[in-house]
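# Fold and geometry: a report
Listed here are the chains, written in short residue letters.
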Amino acid sequence: MADAGSPAVDDVTSAVAFNKFEHATVGALYMLFCVVGVTSNFLTALTFYKDTKLLTTSKPWLHILLAVANLLVVAPSPFPASSSFSGRWLYGNTMCQMYAFEGMFIGIVAIGSVIALCIERYVMGNKPNKDGCGWFYIWSILMVIGNGFFWGVMPLLGWSRYTVELSGTSCAIDWKNPDESYISYLVTMEIFSFAIPVVAAFVCLYWAHSPATTQPGAGPSGSGQGDTSGQQVAQVDQNMAPLTEGQLHSLCYVFLLLMLIGWGPFAFLCTSTIFNGAQGLSYLASSIPPLSCKLMVSSYPLAYAVVSPRFRHSFTSVFSASDRKQD
């Protein structure tokens with residue numbers, strides 16, 4: 001790949017329709033999502049790594065993989081942000097290819113991590129021996145990363161291609177020129193890495209055995225002073241309770257919703273160009289999909305925090321020396 005610092009990357013870089021204020025707004029959003037997404041997902045991964053009792057019925061590795069993937073979705077945002085402030089892609093063809101490859105690779109990994117978490121609920125809810133499921137995590141992580149790498153590297157090898165987007169400030173799959181190579185790549189990827197996995201995820205969640213779990217300290221107590229003391233102890237115990245099967249089950253539904261909201265606009269944009277081409281698309285329409293996925297990946301830690309008081313405690317005290325491991 002030869003580097004190029006001129007509009008040779010794509011002719012669209014010389015015909016940007018946004019004014020300076022609109023470019024600056026897009027650039028500021030990229031940087032905002034970068035700071036929030038990197039910080040929140042880094043702390044989420046660290047929380048699951050350090051709080052070894054946050055999960056009692058499963059392992060934390062898929063949650064960590066999801067957090068790291070989400071972090072890497074937003075981490076390269078300074079490249080399109082600085083290009084947005086300048087009104088054109090600043091980093092030449094080689095960096096355009098690398099940025100687009102990283103975005104496709106990590107994006108597929110992030111989607112696959114959500115699917116794997118949904119399948120995990122079925123495996124853990126229906127397998128009597130939870131300790132014998134180490135194989136599931138090994139193969140899940142290998143398949144999620146391997147699948148993401150395959151679809152990320154194919155455009156570099158000639159199956160479709162990466163180029164500067166219509167906005168002129170970011171790089172992605174070349175949806176502006178939907179030739180036969182692009183159509184076959186996109187349709188195959190959407191079927192095998194999006195449609196079928198999403199259906200499988202919903203089926204696994206539907207058939208997963210998710211029994212109600214009684215929180216510690218919820219048993220009957222005495223009356224008077226003893227009753228008040230018992231309620232206080234129960235409240236403390238409940239706040240420090242690990243994530244239950246029911247909570248993890250609900251989180252998977254929330255994650256699927258966030259995934260569809262975050263990545264759906266990009267899928268819709270790429271699919272619509274197959275039938276209608278890129279004619280008539282505005283620069284705003286091309287800027288919303290990458291921003292929506294970067295916004296949504298920052299919402300996953302919020303979902304954990306809403307569901308679990310213990311996660312909130314571990315998340316906020318993750319750098320405290322006294323909270324390196326929760327009891």
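This one's a predicted model, so the numbers in the text were calculated from it and none came from an experiment.

## Some details on the packing of helix α2 (residues 61-74) against helix α4 (residues 92-126)
As a packed pair, α2 and α4 sit with axes 9 Å apart at the nearest point and diverge in direction by 155°. On the basis of the axis angle, α2 is roughly antiparallel to α4. The chirality of how α2 crosses α4 is left-handed. Mapping the contact onto sequence places Leu 62, His 63, Leu 65, Leu 66, Ala 69, Asn 70, Leu 72 and Val 73 in α2 and Glu 102, Ile 106, Val 109, Ala 110, Ser 113, Val 114, Ala 116, Leu 117 and Glu 120 in α4. Looking at side-chain class alone, the contact of α2 with α4 contains twelve nonpolar, three polar and two charged residues.

## Here we look at empty space enclosed by the protein
Counting across every chain of the model gives three cavities of 30 Å³ or more. Of the voids in this model, the largest cavity is the one considered here, and its volume is about 490 Å³. Around the largest cavity, the lining is made up of 29 residues, and of these Gly 103, Met 104, Gly 107, Trp 263 and Phe 266 lie nearest the centre. Residue assignment for the lining of the largest cavity shows that the elements contributing at least two residues are α2, α4, β2 (171-173), α6 (180-207), α8 (245-276) and α9 (283-296). For the lining of the largest cavity, the class distribution of residues is 21 nonpolar, four polar and four charged.

## Quick word on the nonpolar core
Phe 48, Ile 173, Trp 175, Phe 255, Leu 256 and Met 259 are the most contacted members of the largest nonpolar core, which totals 80 residues. In terms of residue count, the dominant contributor to this core is α4 (18 residues).

## What to know about α4
Between its first and last C-alpha, α4 extends 51 Å over 35 residues, near the 51 Å set by a 1.5 Å rise per residue. Burial within α4 is extensive, with 27 of its 35 residues counted as buried.

## Quick look at the side chain of Ser 84
Position of Ser 84 among the secondary structure elements: in helix α3 (residues 78-86). Discounting chain neighbours no more than four positions away, the residues touching Ser 84 are His 23, Ala 24, Val 26, Gly 27, Tyr 30 and Thr 169.

## A word on the packing of helix α1 (residues 20-50) against α9
Packed helix pairs are characterised by how far apart their axes lie and by the angle those axes make with each other. Running from N to C, α1 and α9 cross one another at 25°; their axes reach a closest spacing of 9 Å. With respect to α9, the element α1 is oriented roughly parallel. Here α1 and α9 pass one another in a crossing that is left-handed. Residues Val 26, Leu 29, Tyr 30 and Phe 33 of α1 touch α9, and the partners they reach there are Pro 290, Leu 291, Lys 294 and Leu 295.

## Some words on helix α11 (residues 309-316)
Along α11, the residues classified as buried are Arg 310, Phe 311 and Ser 314. End-on, the buried residues of α11 take up no more than an arc of 100°, which puts them together on one face.

## Some points on the confidence of the model for the protein
Across the protein, the average pLDDT comes to 84, with 81% of residues at or above 70. Low pLDDT (under 50) marks residues 228-236, which in the prediction has two contacts with non-local residues, meaning those over four places away or in another chain.

## Thoughts on the pattern of salt bridges
If you walk through the whole model with that rule in mind, you get five salt bridges. The shortest N-O distance in the salt bridge between Glu 120 and Arg 121 comes to 2.9 Å. Grouping residues by exposure puts Glu 120 and Arg 121 together as buried. It is possible to trace a salt-bridge network through shared partners that takes in Glu 120, Arg 121 and Glu 245.

## Observations regarding unusual backbone geometry
Of note in this structure, Ser 160 is not a glycine but carries a positive phi near 65°. Within the element layout of this structure, Ser 160 appears in the loop between α5 (134-153) and β1 (162-164). Residue classification places Ser 160 among the buried residues on the basis of a relative accessible area of 9%.

## Observations concerning the state of the cysteines
Throughout the structure, instances matching the rule amount to one disulfide. Between the sulfur of Cys 96 and that of Cys 171 lies a disulfide, 2.2 Å long from S to S. Linking Cys 96 and Cys 171, the disulfide has an S-S dihedral of approximately -120° and is accordingly described as left-handed. Here the residue Cys 96 occupies a position in helix α4, and Cys 171 occupies one in strand β2, the gap between them amounting to 75 residues.

Conventions used here
- Residues numbered from 1 in each chain as written.
- Predicted model: local features only at pLDDT ≥ 70, side-chain atom pairs only at ≥ 80, totals over all residues.
- Heavy atoms only, no water.
- Axes fitted to C-alpha atoms, helices over the stretch in contact; angles between N-to-C directions.
- Helix = DSSP H or I, 4+ residues; strand = E, 2+ residues; numbered from the N terminus.
- Parallel < 35°, antiparallel > 145°, perpendicular 65-115°, else oblique.
- Left-handed = near helix turned anticlockwise from the far one by under 90°.
- Contact = heavy atoms within 4.5 Å.
- Nonpolar A, V, L, I, M, F, W, Y, C, P; charged D, E, K, R; others polar.
- 1 Å grid on protein atoms, 1.4 Å probe; cavity = no way out; pocket = protein on both sides within 12 Å on 5 of 7 lines; lining within 4 Å.
- Points joined across faces, edges and corners; volume = space filled by probe spheres on them.
- Core = buried A, V, L, I, M, F, W, Y, C linked by side-chain atoms within 4.5 Å.
- Buried < 20%, exposed > 50% of the residue type's maximum accessible area, 1.4 Å probe, protein only.
- Expected span 1.5 Å × (residues − 1).
- Arc of directions from axis to C-beta.
- pLDDT = per-residue confidence, 0-100.
- Salt bridge = Lys/Arg side-chain N within 4 Å of Asp/Glu carboxyl O.
- Disulfide = S-S within 2.5 Å.

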